[in-house]
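Observations on the model geometry
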Amino acid sequence: MAKQILVTGGLGFIGSHTVVELQNAGFDVVVIDDLSNTTIKVLDQITEITGTKPVFEQIDLRIKADVKAFFDKYQIDGIIHFAAFKAVGESMHKPLDYYENNLGSLVYLLQEMRDRKLDNFIFSSSCTVYGQADELPITEKAPVKKAESVYGNTKQIGEEIIEDATKAHDFKAIALRYFNPVGAHPTTKIGELPIGVPQNLIPFITQTAAGLRAELSVFGDDYDTPDGTAVRDYIHVVDLAKAHIAALQRLIDNNNKEKFEYFNVGTGTGSSVLEVINAFETANSLKLNYKIVDRRAGDITAAYADTTIANKELNWKTELSLETALKSAWEWQLKQK
Ligand SMILES: NC(=O)c1ccc[n+]([C@@H]2O[C@H](COP(=O)([O-])OP(=O)(O)OC[C@H]3O[C@@H](n4cnc5c(N)ncnc54)[C@H](O)[C@@H]3O)[C@@H](O)[C@H]2O)c1
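Residues numbered from 1 in each chain as written. Predicted model: local features only at pLDDT ≥ 70, side-chain atom pairs only at ≥ 80, totals over all residues. Heavy atoms only, no water.

1. Here we look at the packing of aromatic side chains
All chains considered together, the criterion is met by 5 aromatic pairs. An angle of 45 degrees between the planes, with centres 6.0 Å apart, marks the rings of Phe260 and Tyr262 as tilted. Look at Phe260 and you get buried, because its relative accessible area is 9%. Members of the aromatic cluster, joined through ring pairs, are Phe70, Phe71 and Tyr74. Geometry around Tyr223 places Arg295 over its ring, the cationic atom sitting 3.9 Å from the centre. (Phe/Tyr/Trp six-rings, centres within 6.5 Å; stacked < 30°, edge-to-face > 60°. Buried < 20%, exposed > 50% of the residue type's maximum accessible area, 1.4 Å probe, protein only. Lys NZ or Arg CZ within 6 Å of the ring centre and 35° of its normal.)

So this is what it looks like as structure tokens:
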């Protein structure tokens, strides 16, 4: 019988792509989302891609009684936990809301796992846990540095909570430390839906190219990088989604080496802001209106992953290029009229 997987935040950007890959891999999927940062339309879009409608429950994971009632209703073989608030800037103004949502919900889920003897937990972590790493590319051995934002801190504390819980209780977990997810599904039926002014480069680029924003701001050209602009590791969201299936399978097959493990999920290649702009212009035969402005507070110089361990242990590697990601992001943008 197919394993039944709970995907929290499964109608969000990364969650929706992961639901598609789970269904493609033969899993039954139950999605929880409170629709705070997405729309119910995504459920139909997923169904159009895979031909199977995932079971959906509109639940706010901050309500413990509702989380409990959910697990009374469903038998769950694994959990992929995406649901969280993710705006770095906003997290500084609303720290308690971020701690409540990103950590409260996590604790409630883990308590249900403990009480019902469930297993196999995958957590959305972030390369922000490394801050500005002393060495590049960043391996999993790089130390976790004091978080620069409340959001980043929720990821660090989240990992600690999970590790402590796996030590005390009978379940195992993997945290995936994402680098910079970009792009959209090749069908362009699902993609990123940023609300308000995008904080991430690619939606900012596509909205500028679409004329929704007058100009793209490049924050700083005096970083210690080859062209002076900040360097990041942009991973296609479909490749990222597939890493979750690999991690889940590792846990289901008991191939994990520790009860709590963490892996870098990136491409291994760093690209500067100017390189991304050029690649976007070339991939889509467009010209972007951009200007260099001051550095943005909290931005680090460079981060890209050493993926050696993830490639080997998860038996997974990225397959899609930055160019493919940038094309799909643009096609997705064009459909958002
Ligand atoms: N996108 C990135 O750049 C990035 C990078 C590193 C880590 N992450 C992490 O990956 C995860 C998914 O990110 P995303 O980009 O897909 O974000 P997203 O906002 O698109 O998806 C999160 C989903 O969770 C839902 N949600 C939020 N709070 C909820 C709650 N209390 N109960 C039920 N549903 C709730 C939202 O409605 C949304 O659909 C998050 O944990 C995020 O912090 C994202």
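There's plenty left to go through after this.
2. What about the environment of Phe219?
Within the fold, Phe219 resides in strand 8 (residues 216–219). Distance from Phe219 to Leu96, taken between C-alpha atoms, is 28 Å for residues 123 residues apart in sequence. Beyond its immediate stretch of four places on either side in the chain, Phe219 contacts Val293, Asp294, Arg295, Arg296 and Asp299. (Helix = DSSP H or I, 4+ residues; strand = E, 2+ residues; numbered from the N terminus. Contact = heavy atoms within 4.5 Å.)

3. Here's the deal with the layout of surface pockets
Over the atoms, a rolling probe the size of a water molecule traces out where space has been left empty. Approximately 230 Å³ is the volume attributed to the second largest pocket. Taken together, Thr39, Lys41, Val42, Gln45, Thr188, Lys189, Ile190, Gly191, Leu193, Trp332, Lys335 and Gln336 make up the full set of residues lining the second largest pocket. Sorting the residues of the lining of the second largest pocket by element identifies helix 2 (41–50) and helix 11 (322–335) as the ones contributing at least two each. Per-element tally for the lining of the second largest pocket: the top contributor is helix 2, with 3 residues. Classifying every residue of the lining of the second largest pocket by side-chain character gives 4 nonpolar, 5 polar and 3 charged. (1 Å grid on protein atoms, 1.4 Å probe; cavity = no way out; pocket = protein on both sides within 12 Å on 5 of 7 lines; lining within 4 Å. Points joined across faces, edges and corners; volume = space filled by probe spheres on them. Nonpolar A, V, L, I, M, F, W, Y, C, P; charged D, E, K, R; others polar.)

4. Some thoughts on the pattern of salt bridges
Within this structure, the stated rule accounts for 21 salt bridges. We note a salt bridge from Lys242 to Glu319, for which the minimum N-O separation is 3.7 Å. A residue pair is termed long-range when its members are at least 10 positions apart, and Lys242 in helix 8 (residues 237–252) and Glu319 in the loop between helix 10 (308–313) and helix 11 qualify at 77 residues. The salt bridge involving Glu313 is made with Arg250; its shortest N-O contact spans 3.1 Å. Taken as a pair, Glu313 in helix 10 and Arg250 in helix 8 lie far apart in primary sequence, 63 residues in all. The burial state of Glu313 is the same as that of Arg250; both residues are buried. Members of the salt-bridge network, linked through shared partners, are Arg250, Lys257, Glu261, Lys312 and Glu313. (Salt bridge = Lys/Arg side-chain N within 4 Å of Asp/Glu carboxyl O.)

5. Details of the sheet that holds strand 11 (residues 260–265)
The strand order across the open sheet formed by 7 strands is 3-2-1-4-5-6-11, and the pairing between neighbours is parallel. Strands with a single pairing partner mark the edges of an open sheet, and in this sheet they are strand 3 (55–57) and strand 11. Adjacent strand axes in the sheet meet at a mean angle of 20 degrees, parallel and antiparallel pairs treated alike. Direction of pairing for strand 1 (residues 4–8) relative to strand 2 (residues 28–32): parallel, over a ladder of 5 bridges. Residue Leu6 lies in a different strand from strand 2, and its bridge partner there is Val30. The strands touched by helix 6 (residues 150–168) within the sheet are strand 5 (121–126), strand 6 (173–178) and strand 11, with strand 5 carrying the most contacts at an inclination of about 150 degrees. Most of the contacts of helix 8 go to strand 6, to which it runs at about 160 degrees, and overall it touches strand 1, strand 4 (78–81), strand 5, strand 6 and strand 11. (Pairing = 2+ DSSP bridges. Axes fitted to C-alpha atoms, helices over the stretch in contact; angles between N-to-C directions.)

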